[in-house]
Amino acid sequence: MEKYKVFGSTPKGDITFFEFKFTKREIVLAIVLFLVFLVCVSMCILFVSSNKSYMNNGCHTVGCVEAGAYLYKNINWTTEPCDDFYSFACDRWIERNPIEGRSVTETVKGKVSRYNRYRLYRILMKPPKHGLSSEKKLKDLFSSCVNDYERIKRKGAPFVTKVLSKIGWTVFGTFSSARWDLTKALKVAHVDFWTKAVFDVRVGQDLDNKTKRIIKVDLSGLGMYYGYYLRNESQNVRDAYKAYMRTVAQLLVRDNNMTLNDATKQRIETFVKDVFEFEKGLANITANTQPSDNPHDRDNRVSLSDLNKKAGAVDWVNFFTYMFAQAGVNSNTKIVLLEKEFVYLVSDYVQTLGANKDRILNNYLVWRLAQTYAQDLSWEYVHANREFYVAVSGRAEFLGTWRFCFYLVSDKMKDALSAMFVRDHFADESKPKVHEMVGYLKTALSSRLQQVTWMDDATRKVAKDKLSSVVDKLGYPDFMMDDAQLDDIYRDLVIDRKTYFQNILNIAKFEKSYWNRRLMQGENRDEWRMATYDIAAQLYNPWNELMVPAGMLQFPLFDKKLPMYMNFGSMGSILAHELINAVDEVGGYYKKDGTIFDWWTNATNQNYLTARKCVTDFYHNKTAGPYLILGRKYSILINGARYARFGVAESGGIRQAYYAYKSWEETNGEEKLPADLHLTKDQAFFVSYAQTNCFVRRDYYSYYYAVRGRVPEDIRTNGALAQLDEFQKAFKCPANSKMNAKKKCNLF
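Residues numbered from 1 in each chain as written. Predicted model: local features only at pLDDT ≥ 70, side-chain atom pairs only at ≥ 80, totals over all residues. Heavy atoms only, no water.

## Looking at helix α20 (residues 457-468)
Applied cut-off: Secondary structure counts use DSSP, requiring at least four H or I residues in a row for a helix and at least two E residues in a row for a strand, with both numbered from the N terminus. Each helix should span, by expectation, one fewer than its residue count multiplied by 1.5 Å. For the exposure calls, accessible area comes from a 1.4 Å probe over protein chains only, and a residue counts as buried if that area is under 20% of its type's maximum, exposed if over 50%, partly exposed in between. Directions are taken from the helix axis to each C-beta atom, and the arc is the one they span.
Its 12 residues give α20 an end-to-end C-alpha distance of 16 Å, which sits within 8% of 16 Å, the value for a rise of 1.5 Å per residue. Looking only at α20, the buried set comprises Thr459, Arg460, Val462, Ala463, Lys466 and Leu467. The buried residues of α20 occupy an angular sector of 165° when the element is viewed end-on, so they sit on one face. In α20, those exposed residues whose orientation departs by more than 90 degrees from the buried face are Asp457, Lys461 and Ser468.

## Side note on the confidence of the model for the chain
The predicted structure's coordinates, where accompanied by low pLDDT, should not be read in detail. Spelled out, the test is: A residue's pLDDT is the predictor's confidence in that residue, given on a scale from 0 to 100. Whether two residues touch is decided by their heavy atoms; if any such pair falls within 4.5 Å, the residues are in contact.
On average, residues of the chain score 88 in pLDDT, and 90% of them reach the 70 mark or higher. Of all helices and strands in the chain, the one with the weakest mean pLDDT is strand β1 (residues 15-17) (45), whereas helix α15 (residues 357-373) scores best (98). Segment residues 1-20 is flagged for pLDDT under 50; beyond a separation of four residues in sequence, or across chains, it makes 15 contacts in the model. Low pLDDT, under 50, characterises residues 44-56; the predicted model gives this stretch 8 contacts beyond four residues in sequence or across chains.

## Here's the deal with the state of the cysteines
For clarity, the cut-off: What counts as a disulfide here is a pair of cysteine sulfur atoms lying within 2.5 Å.
Overall, the coordinates contain 4 disulfides when judged by the stated rule. The disulfide partner of Cys82 is Cys733, and the S-S distance across this bridge is 2.1 Å. Between Cys82 and Cys733, the S-S dihedral sits near -85°, and the bridge is therefore left-handed. Remark: Cys733 occurs in the segment after α29 (725-731) and Cys82 occurs in the loop between α2 (62-74) and α3 (85-96); sequence separation between them is 651 residues. Like Cys733, Cys82 is buried. Linked covalently through their sulfurs, Cys90 and Cys694 form a disulfide whose S-S length is 2.1 Å. Between Cys90 and Cys694, the disulfide has an S-S torsion of -80° and is therefore left-handed. Remark: Cys694 occurs in the loop between α26 (681-691) and β17 (695-697) and Cys90 occurs in helix α3; sequence separation between them is 604 residues. Its relative accessible area of 0% is what places Cys90 among the buried residues.

## Comments concerning the pattern of salt bridges
Quick reminder of the rule: Between Lys or Arg on one side and Asp or Glu on the other, a salt bridge is scored when a side-chain nitrogen of the former is within 4 Å of a carboxyl oxygen of the latter.
The tally for this structure, following the rule as stated, stands at 35 salt bridges. Its salt-bridge partner being Glu95, residue Arg92 comes within 2.9 Å of it at the nearest N-O pair. One end of the pair is Arg92 and the other is Glu95, both in helix α3 and 3 residues apart, which spans about a single turn. We classify Arg92 as partly exposed; its relative accessible area is 25%. Arg359 is the salt-bridge partner of Asp274, the closest N and O atoms lying 2.8 Å from each other. Here Asp274, found in helix α11 (residues 262-287), pairs with Arg359, found in helix α15; they are 85 residues apart in sequence, far enough to count as distant. Judged by relative accessible area, Asp274 falls into the buried class, the value being 6%. Each member of the salt-bridge network shares a partner with another, and the members are Lys196, Asp200, Arg202 and Asp218.

## Overview of unusual backbone geometry
The omega angle of the peptide bond from Gly625 to Pro626 is 10°, so this bond is cis rather than trans. Within the secondary structure, Pro626 sits in strand β14 (residues 623-629). Positive phi outside glycine occurs at Trp194, with the angle close to 50°. Examined against the element boundaries, Trp194 turns out to sit in the loop between α8 (182-192) and β5 (199-205).

## Describing the sheet that holds strand β8 (residues 334-337)
Counted only if it meets this: Two strands pair under a simple rule: DSSP has to find at least two bridges between them.
Strand order in the open sheet made by the 4 strands is β5-β6-β8-β7, with mixed pairing throughout. The outermost strands of the open sheet, each flanked by one partner alone, are β5 and β7 (302-303). Pairing geometry for β5 and strand β6 (residues 213-219), over 7 bridges, is antiparallel. Across the sheet, the residue bridging to Phe199 is Leu219, located in β6.

And the structure:
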């Protein structure tokens, strides 16, 4: 109060409180500040309360939140899920994954495959680090392949000097009909240079005794799909194929230091005509013959000496004793003819070629060799191959040298590359999750078999036994971590970092030796039929094994940290699809206690085919497209009969994965959903399945894809889910909606 004495009095309107005076303005300001404080406190309480609700009601682990975000951002929330579920689940993914540059397609699986491929590329470009001879050979082969300078410098000379010199050629004037012998020429083409001509030879499991391997002969020998030779609408492809042959022949003439004069040009035209007409004859036989009935049956096998009598155009004893000398093959050796009718008719066809038979066959075999090795030569040969590829596929795209070389080493040294993948990149932490899932899937499918009405009790009993004995192989085989075993696989392979074409020829010798070893040693259960970096599971029926390679465990909606409704929806549906193949085996054989038998009874066979007709009819009137091609729209009719078996496994796989998850949930308790996902767990399960199938393609490639009999992912996804009551219940789809099929085909 002392400070105001200078004025002689206290100011009017002030308030005195405990000897302190405050103006009205100060009082109002204090009240306002107090009210603001109360509001802030209330907001903090609400925030903490809501955060506790979020923490309690939603999953908040990093994996769960990220997976929820992945589902959410790919969904088109403006689309009605009961009208077009594929669009609902995938439209935003399609928007976020445009096809770039000259690419023609993008898929979820393709992105994972590309990711794995780039990781392997980085491995191949690094110096060897594991001290393995197999690793050094692998990387030296890749290095020699990507060395464009050496290939451009040598042009076609390596092929001319190392290959054509062994067989002669009419165009070079080195062919002599007097010295020509078809069997000898086939030995050069097939065995010395590992090229398929007229037929295909491989060593595979003997289904009569699954511990052994047997020689199998199949149809082959064409430079393109057999339909292109015969269909009226494929004239542009035929013209491109002939142009390809003509270009390669001209390049070989140049690289043989010959002049391309009129006489040589005429011989080239004869060469093109001979090859095309002969292959057209093979295409006709291919189109009008059927696979052998039960080719592995003992009564249907044929000895090499008997084959000489029935298909005498080739001396089969001479050919196979040369090919499998190490394995002790002789005239009494019996082989499996997978296409017996084809082999016999081709032999007859060769005998009818007339006076120019030897010339025609020489030109044909030279082309089979040239087409096989064209991409191993200089850029001009590669470009000629590319021009033909563009005409066939419509894809004006070149893989590039490194991709070509990657696919080469992947094909020729698969085990070595697979081992590098798991040694450098793969962790075993996801394997227990897959083992757990497979166990629940087997149980769910076994339980479902009890309700399958088309399967009689005898077949059902064997089906359950077969299902329970399925072995799941996950990640990689043990031998890939054993240095000695891995190196032993490639002990006979010689690779030089600087001589690419010679490396390719050395691989042919190695593969001959490898096939001999396979035939002698019999079946090896440690062997994997897949690469570890593959992205597709496979049920191998002869061994009753489910293989899930390490590369597949990179799927965006599969991880040990994710909720199981997502894991079962994405990965589980795929695995269940394959497990169904173990019991959906009409005409299949099963071995138990040393006895092989057709384990489906006649009644089950008939009932199944009747029930499967429902699936055939469901897809029968569906069309892929329309696709805009050169200003016109085309739609491709789905072949329901061809797709039926796959469609059965697709819808059945989703259902079994769904019930497997429900069983898992009963045992392990309910899981939480990511906050604000706006889906139930059942709905998230079905979205997870659908989002493994998201894709986008250019129209011309979609047309090419569909015309070859492939069913697009949108039709597969919607078709499978429309069959499932479980899906309609989850999304409350009314009876008249497109995603609620009027007639359900519930085979599994």
